[in-house]
Structure formats: C-alpha cells, structure tokens
Amino acid sequence: YDCPVPRVSEAHRERRRRQILDAARRCFVRNGFHQTSMQDILGAAGLSAGALYRYFGSKEEIVEAIAAEAVGRVMSLLGPLSEQAPPPPLADAFEHVTTGMAGVAFEGDGIGYIAPQVWAEALRNPRLHALVESRYSEIRAAIATLVRAEQDADRVDPGADPDDVAGFLFGALLGFVLQGAIRGQASPESFTSALAALTRPSQPPAPDRGTDPHPTRS
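Each value, and the rule that gives it
- Residues numbered from 1 in each chain as written.
- Predicted model: local features only at pLDDT ≥ 70, side-chain atom pairs only at ≥ 80, totals over all residues.
- Heavy atoms only, no water.
- Phe/Tyr/Trp six-rings, centres within 6.5 Å; stacked < 30°, edge-to-face > 60°.
- Helix = DSSP H or I, 4+ residues; strand = E, 2+ residues; numbered from the N terminus.
- Buried < 20%, exposed > 50% of the residue type's maximum accessible area, 1.4 Å probe, protein only.
- Axes fitted to C-alpha atoms, helices over the stretch in contact; angles between N-to-C directions.
- Parallel < 35°, antiparallel > 145°, perpendicular 65-115°, else oblique.
- Left-handed = near helix turned anticlockwise from the far one by under 90°.
- Contact = heavy atoms within 4.5 Å.
- Nonpolar A, V, L, I, M, F, W, Y, C, P; charged D, E, K, R; others polar.
- Core = buried A, V, L, I, M, F, W, Y, C linked by side-chain atoms within 4.5 Å.
- Arc of directions from axis to C-beta.
- Salt bridge = Lys/Arg side-chain N within 4 Å of Asp/Glu carboxyl O.
- 1 Å grid on protein atoms, 1.4 Å probe; cavity = no way out; pocket = protein on both sides within 12 Å on 5 of 7 lines; lining within 4 Å.
- Points joined across faces, edges and corners; volume = space filled by probe spheres on them.

Q: Quick one: what's the story with the packing of aromatic side chains, residue by residue and with numbers?
A: Taken as a whole, this structure holds 4 aromatic pairs when the rule is applied. Pairing F176 with F191 gives two aromatic rings, centres 5.6 Å apart and planes at 70 degrees, and the pair type is edge-to-face. Taken together, the residues F176 in helix α8 (residues 162-183) and F191 in helix α9 (residues 188-199) connect sequence positions 15 residues apart. There is no split in this pair, since F176 and F191 are both buried.

Structure follows, in structure tokens:
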C-alpha cells in the first residue's frame, strides 16, 4: 500500500521561507544583488537546492519578496494612522513611522541597507518596478490623507495640492532611509522636529502700535 506523504504545516512553510529570506538579505547586504548567487544563498541558509526551489523559483523572486517586505514595513506603520478619525498631526505620524523604521532598518542586516539596491534594481527590472511603484503609490495615498487632515486643521496651506505635498513628504521619507543607509545613522527626532517646524500654525502679525486707531490717552 502507498505510504502517506507527510503534510508540511503552514507554520513550517513560513519558517522555511523566513529562513531563506533572512539568509538572502544577509548576502545582499554584504555583496549586493548581482554579486550574490543562488549558491551563496543556499550556503547561508544551510539548505539544499531542492528545499530552496520549493519556495522560490529564482533569485529574482527572492529579490521581489525582500523588496515587498521592505516597502510593506512602511505601509504597516503608516496605513493605520491614515485610517484614524481624525488622523494624527503629520509630525506625530512621521515620528511613529520613522521610529518604527529606525528600530529595524539599520540594525545588523536591516532592510534599510537593502532599499537603495531595490531602487537601482527597479530601474532595470520591470516586474520589480511595477511592484515598488504599486506599493509606493499606496504610501503616497496614505500620506495625502494625513495632509488633507492638516489642511482642515489649518496647519498646511489649504490651497496646496495634497498629492503634491504627499510627494514631497514621501521623498523626504526616502531620504531618511538613504541617510540612514549611507551615513549609518537616522534620527527620527531630527526628522520630525524639522517637519513640525515646517507645518506649525502661522501666527497672526502683531498689531502696529504706530497706527493704533485708539491710542492710549494720558
């Protein structure tokens, strides 16, 4: 009679997939995408070729999975904030996001060191470009929601296009990641204090005492 084939649990599959992605990320941070071979990943993961190819058919699929995780981390922090009613102020939201990113992005083989490689690879890989563009569009849309709330609170020029402001802030967020990767440091406090300075409410001009229509009588 036929022996039943043991079924692999979903938890086991996820652990194995995580093992492969973590090993690949270490290799990519150390050597870059193109200098890393599947054999390098196999050695780092301690797996056979058959075990690895059950989960990923090529190195490109591994790169795409790591890129999706890196971008998804930002959305997992930002998305819930944009869904609050009302959303938090921009400075508070970005403090939460940058603090959460800095805690995992720049430690050891963190995803912050993968991001610049993803950006470069997306310029030549149409599938990766489409994936990154789709996720980045979600992030910009979430930021635009926060911007509209700031406009309603009169902390951002109500005449500004929320999508344009979101694009600017999104670029600043990418700059935060890039500075952390290149300079080896990223300060959420500096980022959010600068953003707060840019979005603080404008103060009405002080009255001109020289033109006071009701001067104090002596």
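Q: Quick rundown of the packing of helix α5 (residues 90-105) against α9? Include the residues and the values.
A: Where α5 meets α9, the closest approach of the two axes is 9 Å, and the angle between their N-to-C directions is 165 degrees. It follows that α5 is roughly antiparallel to α9 by the angle criterion. With respect to the hand of their crossing, α5 and α9 are arranged in right-handed fashion. Counted together, L90, A91, F94, E95, T98, T99 and A102 of α5 and P188, F191, T192, L195, A196 and T199 of α9 form the full contact between these two elements. Residues that form the contact of α5 with α9 fall into these classes: 8 nonpolar, 4 polar and 1 charged.

Q: Tell me about the nonpolar core, and please be specific about residues and values.
A: Counting residues in each nonpolar core, the largest one holds 58 residues, and the members touching the most others are F28, I62 and I143. Not counting the four nearest positions on each side in its chain, F28 is found in contact with F33, T36, I41, K59, I62, V63, I66, I114 and Q117.

Q: Describe helix α6 (residues 115-122), and please don't skip the residues or the numbers.
A: Within the sequence span of α6, burial applies to A115, Q117, V118, E121 and A122. Projected down its long axis, α6 shows its buried positions confined to an angular sector of 160 degrees, all on one face. Tucked into the core, α6 has its buried residues touching α1 (10-31), α4 (59-82), α7 (126-152) and α8.

Q: I'd like to hear about the pattern of salt bridges, residue by residue, with values.
A: Throughout the structure, instances matching the rule amount to 7 salt bridges. Here D22 makes a salt bridge to R25, at a shortest N to O gap of 3.1 Å. Placement of both D22 and R25 in helix α1 is noted, with a separation of 3 residues, approximately one turn of the helix. The partly exposed category is assigned to D22, whose relative accessible area is 22%. Here E121 makes a salt bridge to R124, at a shortest N to O gap of 2.4 Å.

Q: Explain empty space enclosed by the protein residue by residue, including any values.
A: Per the stated rule, a full pass over the model turns up 1 cavity of 30 Å³ or more. Here the largest cavity is characterised by a volume of approximately 210 Å³. Along the walls of the largest cavity sit 19 residues, with A70, V74, A115, Y136 and V177 positioned nearest its centre. Of all the secondary structure elements, the ones that give two or more residues to the lining of the largest cavity are α4, α5, α6, α7 and α8.

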